[in-house]
Amino acid sequence: MMGIRRAKAVCGLLSVIGLSVMVSGCDYWPPALQAQIEQLRSEVQTLTVEKGQLQSQISELAKGKQDLQTQVDELNRVNREKTTAIAALQSQIDAMRAKMTKAPAAKTAAKAPAKAPAKKKAPPAKKR
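Please read these numbers as outputs of a predicted model, since none were measured by experiment.

Enquirer: Tell me about the overall build of the protein chain, residues and numbers included.
Expert: When helices and strands are tallied, the protein chain shows 2 helices and 0 strands. Counting every position in the protein chain, which comprises 128 residues, the buried fraction comes to 0%.

Given below as structure tokens:
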């Protein structure tokens, strides 16, 4: 009977130890697993830093894109204004050319009657 009591006591003691380990948790990690965990932590930290750098680069690029888009819009506006001015100047040149081609024809027509032959002088009368 003593053996049975002793076996029960040992079994109870092991149960208590097992439950206490389960409740408190086991802090033992094999060295290889600890090394992997540390490596993963350092990689996560490195990736977090890189992510921050990439995000700042993205924001800088977005700002640069916005600045360039503003410049493009401004240049398009100036281009439209210059195109309008060129078209207006071209129409003025065409109007001037039309006047220039009509003006010489009108001047020659106006000058032609003025240059009409003058009255003929009567021949001098013969004296007798």
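Enquirer: How would you sum up the pattern of salt bridges? Please name residues and give values.
Expert: For the structure on display, the rule yields 3 salt bridges. Here Arg77 makes a salt bridge to Glu74, at a shortest N to O gap of 2.3 Å. Pair noted here: Arg77 and Glu74 are both in helix 2 (residues 31–114), with a separation of 3 residues, about one helical turn. Look at Glu74 and you get partly exposed, because its relative accessible area is 39%. Through salt bridges with shared partners, a single network forms among Glu74, Arg77 and Glu81.

Enquirer: Talk me through a nonpolar patch on the surface; I want residue IDs and the actual numbers.
Expert: On the surface, Val10, Leu13, Leu14 and Ile17 cluster together into a nonpolar patch covering about 380 Å² of accessible area. Examined against the element boundaries, Leu13 turns out to sit in helix 1 (residues 2–24).

Enquirer: Lay out the environment of Thr70 in plain terms, naming residues and giving numbers.
Expert: On the secondary structure map, Thr70 appears in helix 2. Among the polar contacts listed, one links the side chain of Thr70 to the backbone oxygen of Gln66, at a separation of 2.9 Å.

Criteria and cut-off values
Residues numbered from 1 in each chain as written. Predicted model: local features only at pLDDT ≥ 70, side-chain atom pairs only at ≥ 80, totals over all residues. Heavy atoms only, no water. Helix = DSSP H or I, 4+ residues; strand = E, 2+ residues; numbered from the N terminus. Buried < 20%, exposed > 50% of the residue type's maximum accessible area, 1.4 Å probe, protein only. Salt bridge = Lys/Arg side-chain N within 4 Å of Asp/Glu carboxyl O. Patch = residues over 30% accessible without salt bridge, like charges linked within 9 Å, V, L, I, M, F, W, Y side chains within 5 Å. Areas by Shrake-Rupley, 256 points an atom, 1.4 Å probe, with all protein chains shown as cover. Polar contact = N/O pair within 3.5 Å; in protein donor to acceptor, adjacent residues only side chain to side chain.

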